[in-house]
Amino acid sequence: MWRLRQAAVACEVCQSLVKYSSGTKGSLPLQKLHLVSRSIYHSHHPILKLQRPHFRTSFQQFSSLTNLPLRKLKLSPIKYGYQPRRNFWPARLAARLLKLRYLILGSAVGGGYTAKKTFDQWKDMIPDLSDYKWIVPDIVWEIDEYIDWEKIRKALPDSEDLAKLAPDFDKIVESLSLLKDFFTTGSPGETAFRATDPGSESDKRYRKVSDKEKIDQLQEELLHTQLKYQRILERLEKENKELRKLVLQKDDKGIHHRKLKKSLIDMYSEVLDVLSDYDASYNTQDHLPRVVVVGDQSAGKTSVLEMIAQARIFPRGSGEMMTRSPVKVTLSEGPHHVALFKDSSREFDLTKEEDLAALRHEIELRMRKNVKEGCTVSPETISLNVKGPGLQRMVLVDLPGVINTVTSGMAPDTKETIFSISKAYMQNPNAIILCIQDGSVDAERSIVTDLVSQMDPHGRRTIFVLTKVDLAEKNVASPSRIQQIIEGKLFPMKALGYFAVVTGKGNSSESIEAIRDYEEEFFQNSKLLKTSMLKAHQVTTRNLSLAVSDCFWKMVRESVEQQADSFKATRFNLETEWKNNYPRLRELDRNELFEKAKNEILDEVISLSQVTPKHWEEILQQSLWERVSTHVIENIYLPAAQTMNSGTFNTTVDIKLKQWTDKQLPNKAVEVAWETLQEEFSRFMTEPKGKEHDDIFDKLKEAVKEETIKRHKWNDFAEDSLRVIQHNALEDRSISDKQQWDAAIYFMEEALQARLKDTENAIENMVGPDWKKRWLYWKNRTQEQCVHNETKNELEKMLKCNEEHPAYLASDEITTVRKNLESRGVEVDPSLIKDTWHQVYRRHFLKTALNHCNLCRRGFYYYQRHFVDSELECNDVVLFWRIQRMLAITANTLRQQLTNTEVRRLEKNVKEVLEDFAEDSEKKVKLLTGKRVQLAEDLKKVREIQEKLDAFIEALHQEK
């Protein structure tokens, strides 16, 4: 009873609190009351007792103490009104409140203990990962320094956007109220009637129409919600891209003080580059994956590749074939959006239009350079690396578009060449074929689909892409035809996946961002997506690039280790062959052999400058005399010797020497010097070096020698200076001593004896062998030789009669000789008599001159007296002394030009030729040949490929 009395007092207190609370009139809502007071209030209030359920329901709904056991209490009715103060109700209320405090505190302590115990159990179940902290990169622990959390918070959707995504509670309340009215309004009869009456036809039609509208409305709301989430996701990805860019930039500047490793895709691209330089007859390089982009001409494959690379990097033309050779594009992630070629260090900034234009121009120039004369396309590959934030890592090869007809201006074999290039790439069993089909043209006009179905009949590595879907949707009468293309029912080919993309409005000046926005806008409003003909994951180039990248890396992981094993076996075979055939030689490839040959050639050119001056002058003097001796004797000495006195002889000699010096002599001297330099250079280049001589360099040295000689030209000012020196030398007639006189006589005798020997050989060939040779060697004279012999004998008789006969025969003398021969039965022609007389008189003159030269040995004394009171005149000796002195001075001058200027210029030309040959790989292949070179070349390439593959596989495992 005491407890009941206390409960009644507490209920009365609560009523008074409700009645006199600040700011309210009347009673408070039930939820605003104290927990215990609320339960009591529910069970004992005389008015609410009939309208509310039992107090246990409200207790279970609002109280957290529902698990406590409750006893049913029988409470006696209490009259509400003024209670006398003698009940001491404040003390009772304080006691109840203290008791309530203990209950709440005990529940909180018990709940906290239970939560702590559960947390400890979960914590014990988690494994200790402290030993694996080294796996997490350093940047994770320092992420707060590089991530702008405030910027990310601003990028997240605000409360209004989230409120729009939340369910509409007003509509829910309205629906519940309608449902309540349905059950409460109207009489029971009406309710039963509505439940049992089937209704009219108009009500059914209205109900059906409303259901359809609701479905359409829900589907549209679903699309809008999906697109809204897509925008939010793209915005977050953009923020993530910028953050990654900042992180890569800071990491690139060396903030973390650690060496950055090459990315996986860069390592893989290097492997493919090395393989492309390998022997074309070796087929293993075709087994490594790459994405091969094929399609009909103007199907949009270049545009798809640009969308994947996020830059307009390829040259464009309206209907003209622009892709004339394969272009290998390696996509990788980096802090800046740049592009660079494999063989160049220049970076093209893809965010600047001028760099994009320069890149397109460079690609076009390289394509035209690869195309040989008379061809339209080339199989040579252009290697290009594209880096940028957010790019998918993969290697793509853009091939020339497949054509159906060869137009004017193309080579006749263009179609077959394109087919052969495409087949060579698609025959690789691990190549991913990205088949591009123009959706705006009839499917029956496609050529590439038949080619792809031949290369990959089961479609295990083919991805089909339908381009220009916007034009297709606008022009194609039956939209289901596009669905058939996407589902692979219209073409005979099969594929791993089917995608539909839009690559812009056909304007070449559109930016990548504008094309992406247009593509998203089109697919938002496209009926193909709304009518479920296309799935959301089958549209946009972004989804395409993600799918292609995933397929590419899956193919790489499945095939790369097998290729590495095959290269290990090949390396073992090549090393075994080298050990058996060349056990004592180093494994030098073409580049290393070329460097070795280059050093040898430069050493030989340097040794050319070490030739002694005496050797140069002797060679030059001898060569120059051999070149001018005929002119000196035939055109200067012999005509002057025909004169009758010394004055006429000297005059004739001076005139002819002056003419010779002004016109021919300097040029002849330079030609002789250049030929001498060539001979010495060739001798040093080609002479064997003993046991160390390697004949593998002979062809290269010969080519270097020929190219150097072709490029080298003698200094143009050499002739002018040489002309003055030679003229001054020939003007001098003063022989200073007896030694020079004797040297001139010796030089004259040698020259005349050489001419006499040549003349006797000419006479012997003219008249045939003499009687001694006829008897000893059983030789006979021909009829013509017999005629020449008879004529020679007749002319010799005439010379014996007149030893001072002039050099020319008179006409009456010719007639006399002819008649004398005819009297002996020999018919001769006057021209034959003249030819024979020339040789006979020449021999007679040379013999006479040699006798006179012998007499002049003692004529130096008379020369000093200017041949006064002397019958001996030795003007011919003075002439040969002048010629000899001119030869010596000219040789000395040419030697100085050689050693001071020309040898150095020749050495410079040799270096230039070697540098040009070093850059020309075709020259090296042509000039350095043989089994040894090819074996060393293959061995080096295989080792390089294996090492790069091993490094790539190791990095691939670490990434996993």
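Residues numbered from 1 in each chain as written. Predicted model: local features only at pLDDT ≥ 70, side-chain atom pairs only at ≥ 80, totals over all residues. Heavy atoms only, no water.

Participant: I tried to follow the overall build of the protein on my own but got confused; where do I start?
Facilitator: In terms of helices and strands, the protein carries 36 helices and 9 strands. Considering only contacts within the protein whose residues lie at least 6 apart along the sequence, 78% involve residues at least 24 apart. With an accessible surface of roughly 57700 Å², the protein has 53% of that area assigned to carbon and sulfur atoms. (Helix = DSSP H or I, 4+ residues; strand = E, 2+ residues; numbered from the N terminus. Contact = heavy atoms within 4.5 Å. Areas by Shrake-Rupley, 256 points an atom, 1.4 Å probe, with all protein chains shown as cover.)

Participant: Just to check I follow, could you spell out helix α27 (residues 717–731) for this structure?
Facilitator: Every α-helix winds through 3.6 residues per turn, so residues three or four apart in the chain are directed the same way. Given a rise of 1.5 Å per residue, 15 residues ought to cover 21 Å, and the 22 Å separating the end C-alpha atoms of α27 matches this to within 8%. Among all positions of α27, only Ala 718, Leu 722, Gln 726, Ala 729 and Leu 730 are buried. The buried residues of α27 occupy an angular sector of 85° when projected down its axis, which confines them to one face. On its buried face, α27 sits against α24 (646–663), α25 (665–686) and α34 (875–919). (Expected span 1.5 Å × (residues − 1). Buried < 20%, exposed > 50% of the residue type's maximum accessible area, 1.4 Å probe, protein only. Arc of directions from axis to C-beta.)

Participant: Explain the nonpolar core here, please?
Facilitator: Side chains of nonpolar character tend, in soluble globular proteins, to be buried together. Ranked by internal contacts, the top residues of the largest apolar core, which has 100 residues, are Trp 625, Tyr 637, Trp 660, Leu 677, Val 704, Trp 741 and Ile 883. Of the residues forming this core, the biggest block, 17 residues, is contributed by α34. Not counting residues up to four positions away in its chain, the partners in contact with Ile 883 are Trp 625, Val 632, Leu 657, Trp 660, Leu 730 and Phe 747. Counting residues in hydrophobic clusters, the runner-up holds 66 residues, among them Leu 350, Ile 382, Val 386 and Val 395. (Core = buried A, V, L, I, M, F, W, Y, C linked by side-chain atoms within 4.5 Å.)

Participant: How should I be thinking about the packing of helix α22 (residues 590–608) against helix α26 (residues 698–711) in this particular structure?
Facilitator: When two helices pack together, their arrangement is given by the angle between the helix axes and the distance between those axes. In the contact formed by α22 and α26, the axes pass within 11 Å of each other and the chain directions differ by 50°. When the axis of α22 is compared with that of α26, the two are oblique. The handedness of the crossing between α22 and α26 comes out as right-handed. Mapping the contact onto sequence places Phe 594, Ala 597, Glu 600, Ile 601 and Glu 604 in α22 and Leu 700, Lys 701 and Val 704 in α26. Taken together, the residues of the contact of α22 with α26 sort by class into 5 nonpolar, no polar and 3 charged. (Axes fitted to C-alpha atoms, helices over the stretch in contact; angles between N-to-C directions. Parallel < 35°, antiparallel > 145°, perpendicular 65-115°, else oblique. Left-handed = near helix turned anticlockwise from the far one by under 90°. Nonpolar A, V, L, I, M, F, W, Y, C, P; charged D, E, K, R; others polar.)

Participant: Is there a simple way to think about the pattern of salt bridges in this case?
Facilitator: Where charged atoms from two side chains of opposite charge approach closely, those side chains can pair. With the rule as written, the count across this model stands at 39 salt bridges. Among the ionic pairs, Glu 604 bridges to Lys 701, the shortest N-O distance being 3.1 Å. Separated by 97 residues along the polypeptide, Glu 604 in helix α22 and Lys 701 in helix α26 bring together distant segments of the chain. The same class applies to Glu 604 as to Lys 701, namely buried. Residue Lys 710 is joined to Glu 707 by a salt bridge in which the shortest nitrogen-to-oxygen separation is 4.0 Å. Remark: Glu 707 and Lys 710 occur in helix α26; sequence separation between them is 3 residues, near one turn of the helix. (Salt bridge = Lys/Arg side-chain N within 4 Å of Asp/Glu carboxyl O.)

Participant: Got a minute to help me understand unusual backbone geometry in this structure?
Facilitator: In terms of backbone geometry, most residues other than glycine have negative phi values and most peptide bonds are trans. In this model, Gln 310 sits at a positive phi of 60°, which is unusual for a non-glycine residue. Along the chain, Gln 310 turns up in the loop between α13 (301–309) and β2 (327–332). Phi angles above zero are rare outside glycine, and Thr 540 is one such case at about 75°. Its location among the elements puts Thr 540 in the loop between α20 (527–530) and α21 (541–581).

Participant: When you look at the state of the cysteines in this model, what are you seeing that I'm missing?
Facilitator: The full count for this structure, using the stated rule, is 1 disulfide. With a sulfur-sulfur separation of 2.0 Å, Cys 856 is cross-linked through a disulfide to Cys 874. When the S-S torsion is -100°, as for the bridge of Cys 856 with Cys 874, the disulfide is left-handed. Here Cys 874 lies in the loop between α33 (860–864) and α34 and Cys 856 lies in the loop between α32 (830–855) and α33, a separation of 18 residues in the sequence. When its relative accessible area of 0% is taken as the criterion, Cys 856 is described as buried. Note on Cys 874: relative accessible area 0%, which makes it buried. (Disulfide = S-S within 2.5 Å.)

Participant: Is there a simple way to think about the packing of aromatic side chains in this case?
Facilitator: Two aromatic rings are characterised by how far apart their centres lie and by the angle between their planes. All chains considered together, the criterion is met by 17 aromatic pairs. An angle of 55° between the planes, with centres 5.9 Å apart, marks the rings of Phe 464 and Tyr 498 as tilted. With a gap of 34 residues between them, Phe 464 in strand β8 (residues 462–467) and Tyr 498 in strand β9 (residues 497–500) connect regions that are remote in the sequence. Residue Phe 464 shares its accessibility class with Tyr 498, and that shared class is buried. Between the aromatic rings of Phe 552 and Trp 553, the centroid separation amounts to 5.4 Å while the plane-to-plane angle is 75°, which identifies the pairing as edge-to-face. Note on Phe 552: relative accessible area 0%, which makes it buried. In textbook terms, an aromatic cluster arises when at least three aromatic residues are bridged by ring pairs, as seen for Trp 625, Tyr 637, Phe 747, Trp 837, Tyr 841, Phe 845 and Phe 880. Looking at Arg 366, its charged tip hangs above the ring of Phe 341, at a distance of 4.0 Å from the centre. The ring of Phe 594 carries the charged tip of Lys 924 above its face, separated from the ring centre by 5.4 Å. (Phe/Tyr/Trp six-rings, centres within 6.5 Å; stacked < 30°, edge-to-face > 60°. Lys NZ or Arg CZ within 6 Å of the ring centre and 35° of its normal.)

Participant: Would you take a moment to explain the sheet that holds β2 for this structure?
Facilitator: Sheet strands line up and pair through hydrogen bonds in the backbone, either parallel or antiparallel. Strand order across the open sheet formed by 9 strands is β4-β3-β5-β2-β6-β1-β7-β8-β9, with mixed pairing between neighbours. Each end of this open sheet is capped by a strand with a single partner; those strands are β4 (348–349) and β9. Taken together, the 6 bridges between strand β7 (residues 432–438) and β8 define a ladder with parallel strand orientation. Residue pairing in the sheet places Cys 435 in a bridge with Phe 464 of β8. The strands touched by helix α12 (residues 264–276) are β2, β5 (382–387) and β6 (394–398); relative to β2, the strand with the most contacts, the crossing angle is about 160°. Sheet strands in contact with helix α14 (residues 353–370) are β2, β3 (338–341), β4 and β5, and its direction is about 160° off that of β5. (Pairing = 2+ DSSP bridges.)

Participant: What am I meant to see in the pairing of strand β1 (residues 291–295) here?
Facilitator: Looking along a regular strand, one sees side chains alternate from face to face of the sheet. β1 sits mainly inside the fold: 5 of its 5 residues count as buried. Burial along β1 is two-sided: the residues Val 291, Val 293 and Gly 295 and Val 292 and Val 294 are all buried. In this sheet, β6 lies alongside β1 in parallel orientation, the contact comprising 3 bridges. Paired with Val 292 across the strands is Val 397, a residue of β6. Relative to β7, β1 is paired through 5 bridges, and the arrangement is parallel. Among the inter-strand pairings, Val 291 is bridged to a residue of β7, identified as Ile 432.

Participant: Quick question: what am I supposed to make of the pairing of β8 here?
Facilitator: Extensive coverage of β8 is indicated by the burial of 6 of its 6 residues. The alternating pattern of β8 places Thr 462, Phe 464 and Leu 466 and Ile 463, Val 465 and Thr 467 on opposite faces, both of which are buried. Where β8 lies against β9, 4 bridges are found, and the strand directions are parallel. Bridge assignment links Phe 464 to a residue of β9, and that residue is Tyr 498.

Participant: I'm lost on the environment of Asn 543 in this one. Help?
Facilitator: Topologically, Asn 543 is positioned in helix α21. When neighbours within four sequence positions are excluded, Asn 543 is seen to be in contact with Phe 499, Ala 536 and His 537.

Participant: Help me understand the side chain of Ser 269 in this model?
Facilitator: Relative to the assigned elements, Ser 269 resides in helix α12. Assessed through its relative accessible area of 3%, Ser 269 is described here as buried. In this structure the side chain of Ser 269 is engaged in a polar contact, spanning 2.7 Å, whose partner is the side chain of Thr 330. If sequence neighbours within four positions are ignored, Ser 269 has contacts with Lys 328, Thr 330 and Asn 385. (Polar contact = N/O pair within 3.5 Å; in protein donor to acceptor, adjacent residues only side chain to side chain.)

Participant: Looking at this model, I keep getting lost on α14. Mind explaining?
Facilitator: Spanning 18 residues, α14 covers 26 Å between terminal C-alpha atoms, matching the ideal 26 Å at 1.5 Å per step. Here α14 has its buried residues at Asp 355, Leu 356, Leu 359, Arg 360, Ile 363, Arg 366, Met 367 and Asn 370. Buried residues along α14 cover an arc of 140° about the axis, so they all sit on one side. Residues Glu 353, Glu 354 and Lys 369 are exposed on α14 and point more than 90 degrees away from its buried face.

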